[in-house]
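# Analysis of the macromolecular model
What follows is the residue order along each chain.
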Amino acid sequence: MTETLTIRCDDVRTEEIIALLSAHLTLMRTLSPPDSIHALNLDGLRAPDITFWRADADGELRGCAALRELTVSTGEIKSMHTTASHRGKGVAAALLMHVMATARRRGYRDLYLETGSQPGFQPARSLYTRHGFVECGPFADYRDDPNSFFMTVKL
């Protein structure tokens, strides 16, 4: 990525963030069966146990990510999404590194995520693997689901 990406907290209330999250949910609905979509709604992303970030470059929203505190020593990545026109340009990697750095500063020992098992999620799984994540079983309130792929990393 040649532009400077700025990552900052967001309150999940602006029209552009709401539109990005709507696009995220629409994409999830095209890739996963309804019972296997675990994306949070807007109120869920505004909950006190969630920190939500936006990534911008050149005054344009490029992506978002969230971190949910599961326990005092564990967190979960939620709502990682890059705008369609900026996929493959380092936005997701920058967001992921930011979330991981925040989790380390908070003293988390483990970070988890759930993504899809379908081919459309392969780029995301590859990104997480490049950053040290490995496959694991269901965590928190998740159940075993053939459409879900669970990953974790020790921090």
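Residues numbered from 1 in each chain as written. Predicted model: local features only at pLDDT ≥ 70, side-chain atom pairs only at ≥ 80, totals over all residues. Heavy atoms only, no water.

### Re the nonpolar core
Counting residues in each nonpolar core, the largest one holds 24 residues, and the members touching the most others are Leu-67, Ile-77, Met-80, Leu-96, Leu-111, Tyr-128 and Phe-133. Take this core: its biggest share by element is seven residues, from helix H3 (residues 91–105). Residue contacts for Met-80: discarding those within four places in its chain leaves His-24, Cys-64, Ala-65, Ala-92, Leu-95, Leu-96, Leu-127 and Tyr-128. Of all hydrophobic cores here, the second largest spans 11 residues; its members include Ile-17, Leu-21, Phe-52 and Cys-64. (Core = buried A, V, L, I, M, F, W, Y, C linked by side-chain atoms within 4.5 Å. Buried < 20%, exposed > 50% of the residue type's maximum accessible area, 1.4 Å probe, protein only. Helix = DSSP H or I, 4+ residues; strand = E, 2+ residues; numbered from the N terminus. Contact = heavy atoms within 4.5 Å.)

### Some thoughts on the layout of surface pockets
The volume enclosed by the largest pocket comes to roughly 800 Å³. At the level of elements, helix H1 (15–31), strand E4 (74–82), H3, strand E5 (110–116) and helix H4 (122–130) are the ones that each hand at least two residues to the lining of the largest pocket. Take the lining of the largest pocket: its biggest share by element is seven residues, from E4. By residue class, the composition of the lining of the largest pocket is 16 nonpolar, 13 polar and six charged. By volume, the second largest pocket is sized at about 230 Å³. (1 Å grid on protein atoms, 1.4 Å probe; cavity = no way out; pocket = protein on both sides within 12 Å on 5 of 7 lines; lining within 4 Å. Points joined across faces, edges and corners; volume = space filled by probe spheres on them. Nonpolar A, V, L, I, M, F, W, Y, C, P; charged D, E, K, R; others polar.)

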